[in-house]
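# Architecture at a glance
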Amino acid sequence: MERILSDNLSKTYPGGKQALCHMSLSLGAGEVFGFLGPNGAGKTTTVKLLTGILTPTEGSCLVMGYDPSKEPEKTHSLTGVVTEHAQMYDHLTGLENLLFYASVFNLSPQEGKDRTRNLLERLGLWDAANQPLATYSTGMRQRLSLARALIHDPQVLFLDEPTSGLDPESAQSVNSLIRNLAREEGTTVFLCTHQLRYAQELCTRYGLIEEGKLLALGTLEELQKQVRQGALLQISAANIPETAAFRKIGEMRYEKEILSKEEVPILIRQIVESGGDIYSVETKFPSLEDIYFSLTANNKEERK
Amino acid sequence: MNKAMQAIIKKDFQSVASNRRLFISLLIVPLVLTIFLPSVFVLSAYFVPDDPDIQAMLKLLPVSPGSDSTSLLLMDLIFNYILPVFFLIIPIMASSIMAASSFVGEKEKHTLETLLYSPLTLHQIFRSKVLASFLLSMLVSLFSFLVMTIVVEAEILFLFGSFLLPKINWLILLALLSPGVSLIAVTLIVRGSAKARTMEESQQGAVFLIMPVLLLIAGQFTGVMLLNAWILLILSFLCIGLAWLLLKKAVKGFTYEMLLR
């Protein structure tokens, strides 16, 4: 069964602003979906539609087989949500907060205690468990929010900018937690972010959104093909034959655009056979960032 | 009521108890109304002169005969007809602060959205909020009644050497009418809180709603206590019915979108 299924999902706000425009996508178990786009692109609107907080103006969606706009409470019992606006209670301690949400999600007291301890330890918050939330730093709050979203062992996890404001170490522990959840427990993760490098570390599939429109959808390789950018082959070498047609970019440094990685061994063999010396070889494929800028640039041109 | 709703009620109670200023003001007003004022009444009844005018007024009222003392008759009148009215005012006042902040308080602290992501329906969340404020009002009311009874009876015993027996009307008012009226007020205030965008808006709405109700009740119910128990009973059931209906219909047309606006 598809975990998340949206069909022509659209949302126009009462003021007339079209925040999301005919978005169709489907996500299965264990996928980490990176939903990328600038601020105001429609990422948060999408999460709110998929969690039933907003009602679509057109199209429909199913999360875990339930329509979130009709049966939000059923969707919520199987999903966890971390967003900037979903905070917890300042006067309660981290532990009390989690225990409260554990009982709201109908966990038994013992289950709640075990789960809370486990999550606090995994996210490095156990030492601060008995401090009131008011004393937590931004990063600690964010990690506690993630623990809160995971308290009932959800099958789908919506994360809206989960690591903005985290120091590198905490970001790493959050990343490994998310990765493990997807790999070992088959949790589907819907990750909204504008930090492209961060997304590339974690996601198995991507959606690029700008001004409410889904520009591209697929794995990194599929997206690379979509923008038709080849790779860049960079070598450190000496005595390169002229027929190889490399560009010199420095002392013993050369580069050449190629269309696919199959070209690499052919070119290298050619150099070696004609007496060249090779010290290092590096193939650079377009990063998510390159693809993103190329696609958004195309979109802007089309609109012009 | 399920466990999740109980958790919300417990959490709302804790947040009132942890806010010391709010907690103290919750206790002070009822204590003034149930200790200070009744004590003043008892003393003034004790020192009342044997005026024929007061005798004449007492004859017009259906106070229990059997005592010749004007003071004791007057005290009986105050105890059975005036003090009960306080128990219509106290629960509404006690719960109004908590009820007014129930939704908008969470909205301002950005915790409402988190609560909406729970596996509870809007109606269940609304009911939990109403029940929390309602239970608080009943607790304060019961506590005030116990304190008042002990203090007033002790004073009467000390000054007059006898006890005053509460009438059946007391029981009806405390057990039925007061909860009914209080539930109506709480439901309306919580509904206002869900619709309000700021705490001020919600509190102003509550005051605008409560003040007329309070004045109306205070004015009318001293008379109602003079009516017989059956009429009071019917009135109580009408209030409870209205409260139930309100609670059922209050969230009609509510959406998450509206709550988070």
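Attention now moves to the overall build of chain B. The number of helices and strands found in chain B is 11 helices and zero strands. Tracing chain B from N to C terminus, the helices and strands come up as α-α-α-α-α-α-α-α-α-α-α. For chain B, the residues scored as buried account for 40% of the 261 residues in total. In chain B, 85% of the contacts between residues at least 6 apart in sequence involve partners at least 24 apart.

Along its length, chain A carries 10 helices and 13 strands. Summarising its shape, the C-alpha atoms of chain A cover approximately 75 × 45 × 35 Å along the three principal directions. In chain A, which comprises 304 residues, the proportion classed as buried is 39%.

If you look at the biggest cluster of nonpolar residues, it comprises 137 residues, and the most contacted ones within it are A147, F158, V189, F190 and L191 of chain A. Counting residues per element, this core draws most heavily on helix α4 (residues 70–101) of chain B, which supplies 21 residues. One finds I235, I240, F246 and I271 of chain A within the second-largest nonpolar core, a separate group that totals six residues.

If you look at the interface, chain A gives 21 residues, while chain B gives 22 residues. Elements with a contribution of two residues or more to the side of chain A that touches chain B: α2 (72–78) and α3 (94–104) of chain A. The class makeup of the residues in the side of chain A that touches chain B is nine nonpolar, 10 polar and two charged.

All names here are of chain A. In this structure, F190 sits in strand β7 (residues 188–193). With 27 C-beta atoms packed within 10 Å, F190 lands in the buried category. Placed 33 residues apart in sequence, F190 and L157 show a C-alpha to C-alpha distance of 6.1 Å. In this structure, F190 is in contact with I4, L27, F33, F35, V156, L157, F158 and L159, ignoring residues within four places of it in sequence.

Residues and elements named next belong to chain B. Take I9: it is sitting in helix α1 (residues 3–18). What makes I9 buried here is the crowd of 21 C-beta atoms within 10 Å. Contact partners of I9, with chain neighbours within four places excluded, come to S128, L131, A132 and L135.

Right, let's get into the confidence of the model for chain B. All names here are of chain B. This prediction gives chain B a mean pLDDT of 84; 90% of its residues lie at or above 70. Within chain B, no element has a lower average pLDDT than helix α9 (residues 199–224), which sits at 71, and none a higher one than helix α6 (residues 112–116), at 93. If you check the scores for this complex, the pTM reads 0.86 and the ipTM reads 0.85.

We now examine the sheet that holds strand β1 (residues 4–12) of chain A. Residue and element names in this part refer to chain A. Strand order across the open sheet formed by three strands is β2-β1-β4, with antiparallel pairing between neighbours. Every other strand in the sheet has two partners, leaving β2 (18–27) and β4 (58–63) as the edge strands with one partner each. Averaged over all pairs of adjacent strands, the angle between strand axes in this sheet comes to 20°, irrespective of strand direction. Bridge count for β1 against β2 is six bridges, and the pairing is antiparallel.

Next up on the list: helix α2 (residues 20–46) of chain B. Residue and element names in this part refer to chain B. For α2, with 27 residues, the first-to-last C-alpha span of 37 Å sits near the 39 Å given by 1.5 Å per residue. At L31, α2 shows its strongest bend, of approximately 35°. Those residues of α2 lying buried are L26, P30, T34, P38, V42 and A45. Among the structural elements, α4 and α7 (122–160) are those in contact with the buried residues of α2.

Attention shifts here to the sheet that holds strand β12 (residues 253–258) of chain A. Residue and element names in this part refer to chain A. Strand order in the open sheet formed by four strands is β11-β12-β10-β13, with antiparallel pairing between adjacent strands. Lying at the two open borders of the sheet, with one neighbouring strand each, are β11 (247–250) and β13 (277–284). The mean inter-strand angle of the sheet, taken between neighbouring strand axes irrespective of direction, is 30°. The sheet contact formed by strand β10 (residues 231–238) and β12 spans six bridges and is antiparallel. Opposite A231, over in β12, you have I258 as the bridge partner. Its contacts with the sheet put helix α9 (residues 263–273) on β10, β12 and β13, and the angle it makes with β13 is roughly 165°.

A packed helix pair is summarised by two numbers, namely the angle formed by the two axes and the spacing between the axes. Residue and element names in this part refer to chain B. Close contact between α4 and α7 brings their axes to 8 Å; oriented N to C, the two are set at 155°. On the basis of the axis angle, α4 is roughly antiparallel to α7. The element α4 and its partner α7 pack so that their crossing is right-handed.

On to unusual backbone geometry, then. Residues and elements named next belong to chain A. Positive phi, close to 55°, is recorded for N8, a residue that is not glycine. Along the polypeptide, N8 turns up in strand β1. Of the residues examined, N8 has 13 C-beta atoms within 10 Å and is grouped as partly exposed. Despite not being glycine, N239 has its phi angle at roughly 55°, a positive value.

Residues and elements named next belong to chain A. With their axes 9 Å apart at the nearest point, α3 and helix α4 (residues 109–122) run at an angle of 130° to one another. Between α3 and α4, the crossing angle belongs to the class labelled oblique. The crossing of α3 and α4 is right-handed. For the pair α3 and α4, the contacting residues are G94, L95, L98, L99, A102 and S103 in the first and G112, R115, T116 and L120 in the second. Class assignment of the residues belonging to the contact of α3 with α4 gives a composition of five nonpolar, four polar and one charged.

Here the focus is the pairing of β13 of chain A. Residue and element names in this part refer to chain A. Little of β13 sits out of view: just zero of its eight residues are buried. When β10 meets β13, the two strands line up antiparallel, connected through seven bridges. Within β13, the position partnered with S236 by the bridge is S280.

Here chain A shows a mean pLDDT of 89. Residues at 70 or above account for 99%. Considering each helix and strand of chain A separately, the mean pLDDT is smallest for helix α10 (residues 288–303) of chain A, with a value of 80, and largest for α3 of chain A, with 95.

What counts as what
Residues numbered from 1 in each chain as written. Chains lettered and ligands numbered in written order. Predicted model: local features only at pLDDT ≥ 70, side-chain atom pairs only at ≥ 80, totals over all residues. Helix = DSSP H or I, 4+ residues; strand = E, 2+ residues; numbered from the N terminus. Buried ≥ 20, exposed ≤ 12 C-beta atoms within 10 Å, placed from the backbone. Contact = placed C-beta atoms within 7 Å. Core = buried A, V, L, I, M, F, W, Y, C linked by C-beta atoms within 7 Å. Nonpolar A, V, L, I, M, F, W, Y, C, P; charged D, E, K, R; others polar. pLDDT = per-residue confidence, 0-100. Pairing = 2+ DSSP bridges. Axes fitted to C-alpha atoms, helices over the stretch in contact; angles between N-to-C directions. Expected span 1.5 Å × (residues − 1). Bend = angle between axes of the 7 residues up to and from the residue. Parallel < 35°, antiparallel > 145°, perpendicular 65-115°, else oblique. Left-handed = near helix turned anticlockwise from the far one by under 90°.

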